[in-house]
Amino acid sequence: MILGVPLERTPTEHRVALTPSGARILAARGHEVVIETNAGRAARFSDEEYRQAGAHLVYDPEEVFGRAGLILKVSALQPAETALLNQGQTVLAFHHLAAAGRGFLDDLLRRRLTLIGYEVMEDARGDLPVLHAMSEIAGQLAVHVGAGLLETRAGGRGILLGGATGIPAAHVVILGAGVVGRWAARTALGNGAQVTILDTSLEALRNAEAFAGPAAVTEVAHPAAVARAAAYADVLIGAVLLRGERAPQVVTRDMVAGMKPGSVIIDASIDQGGCVETSRPTTLADPAFRVGQVTHYAVPNMCSAVARTASLALTYAALPLVQRLADLGLARALGDNRGLAAGVYLFQGELVSGSVGSARVS
């Protein structure tokens, strides 16, 4: 099979969908890997490394999209990229189609493409291996970013996460006890912060407490509890995930208005529409904005800030499923692997994701 890896053209997307080590493994299995020049440059992978791994370097996206049956991307397709696709091609990426515009989705359907989302692909246990890998990184980044935005120079409260002798540590409130939430909690505790995790699931809270340690305070999430926690938060991290669906807005505009001046919101759910009513997508080039006196950070591809680490994690997590697609072909691979099939949004122009269908008509 011919696999294509284009240069990412989403603004400030620095990751690459396949590292040289991944290209070497696929080439050794008899597959042709076509990669656009400089596709890995921002993540510190040179064209020469890909060449030595057995990949074929090409100089424009038209050739990548024109030759490959299976396209490996990171960010969702851009309209200019969609125009280059041919009927019957398969595209793996973080599509996040539940948050996509209806017109864009209709265009994808007309082109009779197969779209598989990294964020909904499952492993044998029903876990989300690629999303899990990115979420571990996002959870850690959320705390580091929040700490920076609390600094005086950033217009924050001018406080340190861990406090100092005789000075209380900052309060970090985390909404959602999934992978992002657990890693954010552990990172914040490691920096000396006071941490509260809220979730609607007692099982998820138990798992988070076991992962982060007993110093993390857990609380069942309901509107009054979220409002109360938001009011005392110095950093509020939104890490709410509904698998394959648009994130619910659990933090209202009134709750944001009740937060401390100089406090920070990190909406890590923004890929799926955001869980804070006042959030809007931003970029790494201009990542933060204020609503009243509260700083918001809502970068959909926040893991791109550590592009090399994120690209390696993406390749290691996705490669087993990519190999299966390449080795067996689309139909057989999907038929033999329930987890891979769970990642399919569109199959040859047919919408097969119920959550995307619901978002499309809502």
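Summarised in this report is the structure supplied together with it. (Residues numbered from 1 in each chain as written. Predicted model: local features only at pLDDT ≥ 70, side-chain atom pairs only at ≥ 80, totals over all residues. Heavy atoms only, no water.)

## A look at the environment of Gly103
With respect to the element layout, Gly103 can be found in helix 5 (residues 102-110). Gly103 gets classed as partly exposed once you look at its relative accessible area, which sits at 49%. Taking the C-alpha atoms as reference points, Gly103 and Ala204, separated by 101 residues in sequence, lie 36 Å from one another. (Helix = DSSP H or I, 4+ residues; strand = E, 2+ residues; numbered from the N terminus. Buried < 20%, exposed > 50% of the residue type's maximum accessible area, 1.4 Å probe, protein only.)

## Looking at the packing of aromatic side chains
Enumeration according to the criterion identifies two aromatic pairs in this entry. Note on Trp183 and Phe211: the rings are 5.4 Å apart at their centroids and 55° apart in plane angle, and the pair reads as tilted. In this pair, Trp183 is assigned in helix 7 (residues 179-190) and Phe211 in helix 8 (residues 202-212), connecting sequence segments 28 residues apart. The ring centre of Phe289 lies 3.9 Å from the NZ or CZ of Arg280, which sits over that ring. (Phe/Tyr/Trp six-rings, centres within 6.5 Å; stacked < 30°, edge-to-face > 60°. Lys NZ or Arg CZ within 6 Å of the ring centre and 35° of its normal.)

## Some remarks on the pattern of salt bridges
For the structure on display, the rule yields 18 salt bridges. As a salt-bridge pair, Arg110 and Asp107 come within 3.6 Å of each other at their nearest N and O atoms. Within this pair, Arg110 and its partner Asp107 are both found in helix 5, separated by three residues, close to a single helical turn. Residue class for Asp107 comes out buried when judged on its relative accessible area of 19%. Salt-bridge contacts for Arg125 lead to Asp123; the nearest nitrogen and oxygen are separated by 3.4 Å. Judged by its relative accessible area of 19%, Asp123 is buried. Salt bridges linked by common partners bring Glu8, Lys73 and Glu81 together as one network. (Salt bridge = Lys/Arg side-chain N within 4 Å of Asp/Glu carboxyl O.)

## Notes on the pairing of strand 10 (residues 235-238)
Residues of strand 10 alternate between two faces, with Val235 and Ile237 on one and Leu236 and Gly238 on the opposite face, all of them buried. In the sheet, strand 7 (residues 171-175) pairs with strand 10 via four bridges, with the strands oriented parallel. Residue pairing in the sheet places Ile174 in a bridge with Ile237 of strand 10. Where strand 10 and strand 11 (residues 264-267) come together, four bridges link them in parallel fashion. Within the sheet, the bridge partner assigned to Gly238 lies in strand 11 and is Asp267. (Pairing = 2+ DSSP bridges.)

## Some details on the state of the cysteines
Considering all chains together, one arrives at zero disulfides under this definition. Here Cys275 is not cross-linked by a disulfide; its sulfur's nearest cysteine counterpart is in Cys303, at 16 Å. Judged by its relative accessible area of 0%, Cys275 is buried. (Disulfide = S-S within 2.5 Å.)

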